[in-house]
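# Remarks on the overall topology
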Amino acid sequence: MSQATDRLAAIATRRAAGERRGIASICSAHPLVIEAALRHGKARDADVLIEATCNQVNHEGGYTGMTPGDFRRFVETIAGKVAFPLDRLVLGGDHLGPNPWKHLPAPEAMAKASRMVDAYAEAGFTKIHLDASMGCAGEGAAPPDATIAARAAELAAAAEAASERASGAKPVYVIGTEVPVPGGAFEALDHLAVTTPEAALETVRIHRQAFSRRGLDQAFSRAIGVVVQPGVEFGNAEVIAYQPERAGALAGTLRDLPQFVFEAHSTDYQPVAALTALVDNGFAILKVGPWLTFALREALYGLSHIADVLAPDAARESLPAAMERAMQAAPANWKNYYHGSEAEQRIERHFSYSDRIRYYWPAPAAKQATDALMQALGDRDIPPPLISQYLGHLDRPVANGSVAPRARDLLIGSVTQVLDIYASATG
């Protein structure tokens, strides 16, 4: 993966030299999303950046049950299946810090976070987002900025030692937060504030200082990105689109930070013009995750309706009904995010932009229902009128032959449409 990492490491330098540089960061552990991303990258002869979060994948398994080593093998197995070249792959760790253990006192939480970062670096993840912005037990919502930076430097030391021990490629780093906690925002979107230029500059200054105190100047020279809030976010049914004029002063700070680009989180559902403007303004790393699984869910639900027409079976539970049952049986992944009446919560469980349903696809009931759906449809060609009725967004790629009218190809095609938007924006 070193060639792709080298190209990513040069993203700020090349931008400072006048090149237009950008890359999408694929934040998903769904095998079909990863397959779609790798197929898309192969078709374009482009690098693919795939990231796992601290809650999703860690040395204790995370909610996917995968360690970083497991996740790497998982992705590389899919890459082998689709013949995607590994020298075009970058694996990243997102929000790596004490968040999964913030209920513990800081020393204990940081010890676990250090072991997690060690595991990521040892497994060959070469893009590391250090995020120690959350308060641990007894600290309140967030510790002081200097403490956040010191903890990030502590985690960087663990990453450096692990990559040295593994004789692997040295990681590049992303610092800062200015975004919701991993998993999504709890708050309303009516008070979203763009990061101030002063805050962005101060983030870099205090992290540089904290790294230097630990003798990690060389590691800091590989810091390429700062996470900031450019004024983009999405909720259950609303999207705040990027407005370049609101972030103009923030974008201008990159003139004083030639080592860096900005990393923008929660860019899902942005219009292509907004994503293009983000890249033009130096927000060169665009995180996307829920939009990809939202597109997958749209296609799966459409296929469920199609199966009711082509292969009616009273004994087969519809996919929406199976997913409702799975979400009601284990509400922890949505109950703090969806509010309102029972009817409103039901709509959000299935159709919210925040896509909390993505946590349930690995559940046994969901897998069983999905497998039954795919088995019912098999490899048959689905008639165009049914695609028009239930998967209208795929009409054109099916008509022009770029997507075959078969169930699995339609799932990949739905995700690919989102990837195409990011490819257009990042160039």
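Computed from a predicted model, the values in this text were never measured in an experiment. Residue numbers run consecutively from 1 along every chain, following the written order of its sequence. The predicted origin of the model limits local features to residues at a pLDDT of at least 70 and limits the giving and counting of side-chain atom pairs to 80 or more, whereas totals for whole chains, interfaces and linings rest on all residues. To get the side-chain values, take all heavy atoms of the structure and skip hydrogens and water.

## Thoughts on the domain arrangement of the protein chain
Segmentation of the chain into domains, including their bounds, is taken from an automatic or database domain assignment. Partitioning the protein chain into structural domains gives domain 1 (3-288) and domain 2 (293-417). The C-alpha-based centres of domain 1 and domain 2 are spaced at 29 Å. Defined here as a combined quantity, buried area equals the accessible surface (1.4 Å probe) lost by two parts on assembly, summed across both. Interface of domain 1 and domain 2: buried area, both sides summed, is about 1,700 Å²; carbon and sulfur atoms make up 63% of it. By definition here, a salt bridge exists when the distance from a side-chain nitrogen of Lys or Arg to a carboxyl oxygen of Asp or Glu is within 4 Å. Applying the counting rule to domain 1 against domain 2 returns 1 salt bridge. When the shortest N-O distance is used, the salt bridge between Arg408 and Glu35 registers 2.7 Å. N or O atoms within 3.5 Å of each other form a polar contact, as long as, within protein, one can give a hydrogen and the other can take it, and as long as residues adjacent in sequence are counted only when both atoms are side-chain atoms. Summed over the shared surface of domain 1 and domain 2, the result is 6 residue pairs in polar contact (both at pLDDT 80 or more). Only DSSP runs of H or I covering at least 4 residues are called helices, and only runs of E covering at least 2 are called strands; the numbering of each starts at the N terminus. In terms of residue count, helix H3 (residues 31-44) provides more of the side of domain 1 that touches domain 2 than any other element does, 6 residues in total. Any residue that is not Ala, Val, Leu, Ile, Met, Phe, Trp, Tyr, Cys, Pro, Asp, Glu, Lys or Arg is counted as polar, Gly included; the first ten are nonpolar and the last four charged. The class makeup of the residues in the side of domain 1 that touches domain 2 is 10 nonpolar, 7 polar and 4 charged.

## Looking at the pairing of strand E1 (residues 23-27)
In regular strands, side chains alternate between the two faces of the sheet. Taking burial as the measure, the 5 residues of E1 include 5 buried ones, the bulk of the element. Buried means the residue's accessible area, taken with a 1.4 Å probe over protein chains only, is under 20% of the maximum for its type, while exposed means over 50%, and partly exposed covers the values in between. Going residue by residue along E1, you find Ile23, Ser25 and Cys27 tucked away on one face and Ala24 and Ile26 tucked away on the opposite face as well. Each pair of strands is called paired provided DSSP finds at least two bridges between the two strands. Looking at chain direction, E1 and strand E2 (residues 48-53) are connected through 3 bridges and run parallel. The residue of E2 that forms the bridge with Ile26 is Ile50.

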